Structure formats: C-alpha cells, structure tokens
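Residue-level listing of the chains:
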Amino acid sequence: MASDRIGGVVVSATVEARHFGADMTFPAGQVTALVGPNGSGKSTTLALVSGEIRPDAGEVTIDGRVVADATTSVPPHCRTTALLQQRPLLFPHLSVLDNVAFGVRARGAGRRAARDRAACELAAMGAAEFADRRPHALSGGEQQRVSLARALATDPTVVLFDEPLASVDVATAASLRQVLASRLSTSDATVVLVTHDPLDVWALADRVVCLEQGRVTASGEVADVLGRPRTGFLADLSGVNLLRGIADVDGLSAGRDPVVGLWDPSRPAEPGHAALAAFEPSAVALFATAPQGSPRNTWPVTVVGIDPRGPTVRVHLRLADDQTFAADLTAQGTAALAVRPGARLIAQVKATQVTLYGR
C-alpha cells in the first residue's frame, strides 16, 4: 500500500499506571502489525490513538496534529479514526445496510448519500447480498465482514484493528483475510493491526512493531523483523528457533556450545559482540548418541517438553546454558528415540540451515 499523504500516527508517550513508555511510528498509507505478549501495551497503544486514555507524559500525533498530551486530548468522536474489535457489535434493530451507513450519517452525510456509501463498502467487502438482513440472520463470519465494512465506510484517516479475525474459525478467517487485504490495498488510511496470528502479519502488514513490557523491542519491515527475530517472542511468532551468544571467528558461542552458520551480510557482528542464530525446528535432528560424520553443530540437550501436533511432534530442548529451542519429529521418530521429559539426547543442525546476525 502506498500514499502521498505525509504524517501517519506517532505515539511517543508514557502511561504510568500501565507501565507503558514507548516511541513508535505508524506510517501513513501503510498497514503496521502491532504484536507482543499479553499485557505488553498493545491495547494501551490503541487507547491512546483512539482517545480512550490520555498520556501522563509525551504526546500522540495524527498527520502532524497533536491529538493528546499530558494536559489536553481531542475527544474520540472528533478524531478521524475507526476502531474495530473482535466482536462485531452490530446494532440488532438495524439492517446491515443501515448498520454500515450509521457512521457515515453520524459524520454529517444525508440518508441517501450514507446508504449509497454503505452499499459501495458492502460490495467491496463481498457482503452486498446481506444488505437487507438483520445481524441475527448472519453467521459470525458474515457479521464480522459487515463490521469491517462499517469501520471503513467512514473513510477514516486511521483504522485501528484489535484482533479482528480472532473470533472466527480458521476457514472464515482465511476468507476474510483475503478480502481485507484486497480492500486495504486501495486505501490510503494509516492502519494499526493488533494480532497474535503470524498469518495476519504476513498477509496484511507492510511493517511490524513489537511491544514487550510496555517498550518497543523491534520495528521494521515484516520480512526483516520476522525473518531475523531479536527476541524470544518474535522467534515464537515467526516459528523459528533463536539462540543468543557472543560472536567469534567461526560463528557464535552459546555458553559452552559453539554455533556455526551463515552470516547475514546485512547484519554482521564483530567478534566479541552479541549475536543471534536462527533456524527452523524442522532443521533439527535428534540422536540417542552422537553419530559419525556429524555436522558442525552438535549439541548435548535435555528434553524439557513434548507437544504433539497432528502428524508431527514438537520436542522442546534445553542446552547446557539453559537456552531452549525446538525440534519437529515424526511420531514414529519420537517413539523410536523414547523421547520423554528429562531424556538426554544429541541435537544436530547443518551449518547451512543456521542464519547468524548481529543483535
């Protein structure tokens, strides 16, 4: 998504009661996924931008205009923002068309103009056939599609999505994700998307901001943030293993265990400086004893957990320095090795399957 509009949303604020103090930018005309563990500050960020709360220090700006600081705050209804939450919250006594037209009328449009705009937005969201129905006659996924249309029909400058696909089933979420991606590609709104689903991030977002304990721990383009995770949370979100260590001539050292891999040329680390190693759980092989001709990455590990996942089993492992990572095995392989918590095994990963980069 691109936009000629300069500005976007800038949050540089502190909320003491919520242990929040972060500086982040959401560029105009782009979709930024806001991710982080529960309690990290995502809801606080949305509340600051929507006008629900005011910062104790710092400020919030929208397209260069200060909408909140420690002493003043523009009321929510005077901000050009739209907030969509997990639950559709449609008006039960209104038709779908009038639900979508409600916000347009609230902003001063006449009844006919508002209904025409609502009809266009319903069509864009693939929900035109629901126009004359009441919300109770729709499925949960259909209601959320209408709710998305209602949020976008007012042509807001800023759209705030609070896990909009979390309350629907996997198949419905996939369909909505495709429709929403198409619709947002034609919008120049600044979009903040709170989500726990990496599929939302990859399919919808241009950028990612990660919050942990009320602070920004990473921000940037999706491929960079998820492809080279800097924290354990981001590694879990992207589905890769992440080991921390100190760079040396051959790779990095994770406690007593050397880790050899391929350095990312865009993020090198000098020997003696902090570095990270990332690799897929599927790249890890487990053995009862060290085999002959082993790859350069061979580590003694202890099994700390087992997580069945359909045809595969994710085995959680701990290194000597207490760092943990995972291996994906078949159920047959897990049984053959007698994998159980507390078991001591040998983990191996080919150097070509490990990406090294500076922190």
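In what follows, the structure referred to is the one given above.
All of these numbers come straight from a predicted model, not from anything done at the bench.

Participant: Got a sec to walk through the overall build of the protein? Specific residues and values, please.
Facilitator: For the protein, the helix and strand inventory stands at nine helices and 21 strands. Projected onto the principal axes, the alpha-carbon positions of the protein cover approximately 80 × 45 × 35 Å. The buried share of the protein, taken over its 359 residues, is 50%. When the accessible surface of the protein is split by element, carbon and sulfur atoms take 51% of a total near 16600 Å². Side chains of the protein carry 34 positive and 36 negative charges; the gap between the two charge centres is 4 Å.

Participant: A description of the sheet that holds strand β2 (residues 20–26) should follow, citing residues and the corresponding values.
Facilitator: Read across the open sheet, the four strands follow the order β2-β1-β4-β5; overall the sheet is antiparallel. The sheet terminates laterally at β2 and β5 (65–69), the two strands that pair on one side only. The mean angle between the axes of side-by-side strands here comes to 20 degrees, regardless of whether they run parallel or antiparallel. Note: strand β1 (residues 9–15) against strand β4 (residues 57–62), six bridges, orientation antiparallel. Within the sheet, the bridge partner assigned to serine 12 lies in β4 and is glutamate 59. Where helix α1 (residues 42–50) meets the sheet, its contacts fall on β1, β2 and β4, and the angle it forms with β1 comes to roughly 115 degrees.

Participant: How would you sum up the packing of helix α3 (residues 111–124) against helix α4 (residues 140–153)? Please name residues and give values.
Facilitator: Where α3 contacts α4, the two axes come as close as 9 Å, and the packing angle between them is 130 degrees. Classified by the angle between their axes, α3 and α4 sit oblique to one another. Our pair here, α3 against α4, has a crossing hand that is right-handed. Counting all contacts with α3, which are made through Arg117, Glu121 and Leu122, the residues of α4 involved are Val146, Ala149, Leu152 and Ala153. Here the residues of the contact of α3 with α4 are counted per class, giving five nonpolar, no polar and two charged.

Participant: Please provide a residue-by-residue account of the packing of aromatic side chains, values included.
Facilitator: Applying the stated rule across the entire model yields four aromatic pairs. Aromatic side chains phenylalanine 91 and phenylalanine 102 sit 4.8 Å apart centroid to centroid with 55 degrees between the ring planes, which places their arrangement in the tilted category. You can see phenylalanine 91 sitting in the loop between β6 (81–84) and α2 (96–106) and its partner phenylalanine 102 sitting in helix α2, a full eleven residues away along the chain. Phenylalanine 91 sits in the partly exposed class, given a relative accessible area of 29%. A centroid spacing of 5.6 Å and a plane angle of 80 degrees characterise the contact between tryptophan 299 and phenylalanine 325, whose relative ring orientation is edge-to-face. With tryptophan 299 in strand β17 (residues 297–309) and phenylalanine 325 in strand β19 (residues 324–330), this pair connects stretches of sequence that are 26 residues apart. For the pair shown, tryptophan 299 and phenylalanine 325 are each scored as buried. Chaining the aromatic ring pairs together yields one cluster made of Phe279, Trp299 and Phe325. Positioned above the aromatic ring of phenylalanine 91, the side-chain terminus of arginine 150 is 5.4 Å from the ring centre.

Participant: Run through the sheet that holds strand β11 (residues 241–247), naming residues and quoting values.
Facilitator: Reading across from one edge, β13-β12-β11-β15-β21-β14 is the order of the six strands in this open sheet, with mixed pairing throughout. Of all the strands in the sheet, just β13 (257–260) and β14 (262–263) have a single pairing partner and so form its edges.

Participant: If you had to explain the packing of α4 against helix α5 (residues 170–184) to someone new, which residues and values would you point to?
Facilitator: Interaxial distance between α4 and α5 falls to 10 Å at its minimum, and their mutual angle equals 20 degrees. When the interaxial angle is binned, α4 and α5 end up roughly parallel. For α4 against α5, the interelement crossing comes out right-handed. Taking contact as the criterion, the partners of Gly141, Gln144, Arg145, Leu148 and Leu152 in α4 are, on α5, Thr172, Ser175, Leu176, Val179, Leu180 and Arg183.

Participant: So what's going on with the side chain of threonine 334? Which residues, and what values?
Facilitator: Note on placement: threonine 334 falls in helix α9 (residues 331–336). Classification of threonine 334 as buried rests on a relative accessible area of 10%. Excluding anything up to four places from it in sequence, threonine 334 contacts Val313, Leu329 and Val339.

Participant: I'd love a proper account of the environment of phenylalanine 287, names of residues and values included.
Facilitator: Structurally, phenylalanine 287 can be placed in strand β16 (residues 285–287). Accessibility expressed as a relative area gives 27% for phenylalanine 287, which makes it partly exposed. For the pair formed by phenylalanine 287 and leucine 337, sequence separation is 50 residues and the distance between their alpha carbons is 7.2 Å. Every residue in contact with phenylalanine 287, bar those within four places of it in the chain, is listed here: Leu337, Leu345, Ile346 and Gln348.

Participant: Can you break down the nonpolar core residue by residue, with the values?
Facilitator: Counting residues in hydrophobic clusters, the biggest one holds 49 residues, and the most contacted among them are Val35, Leu122, Val146, Phe161, Val201 and Leu234. With six residues, the top contributor of residues to this core is α4. Aside from chain neighbours lying at most four places away, what touches valine 201 is Ala33, Val35, Thr195, Val208, Val222 and Leu226. If you look at the next biggest cluster of nonpolar residues, it comprises 29 residues, including Val259, Val303, Leu317 and Ala327.

Reading guide: rules and limits
Residues numbered from 1 in each chain as written. Predicted model: local features only at pLDDT ≥ 70, side-chain atom pairs only at ≥ 80, totals over all residues. Heavy atoms only, no water. Helix = DSSP H or I, 4+ residues; strand = E, 2+ residues; numbered from the N terminus. Buried < 20%, exposed > 50% of the residue type's maximum accessible area, 1.4 Å probe, protein only. Areas by Shrake-Rupley, 256 points an atom, 1.4 Å probe, with all protein chains shown as cover. Lys, Arg positive; Asp, Glu negative; His and termini not counted. Charge placed at Lys NZ, Arg CZ, Asp CG, Glu CD. Pairing = 2+ DSSP bridges. Axes fitted to C-alpha atoms, helices over the stretch in contact; angles between N-to-C directions. Contact = heavy atoms within 4.5 Å. Parallel < 35°, antiparallel > 145°, perpendicular 65-115°, else oblique. Left-handed = near helix turned anticlockwise from the far one by under 90°. Nonpolar A, V, L, I, M, F, W, Y, C, P; charged D, E, K, R; others polar. Phe/Tyr/Trp six-rings, centres within 6.5 Å; stacked < 30°, edge-to-face > 60°. Lys NZ or Arg CZ within 6 Å of the ring centre and 35° of its normal. Core = buried A, V, L, I, M, F, W, Y, C linked by side-chain atoms within 4.5 Å.

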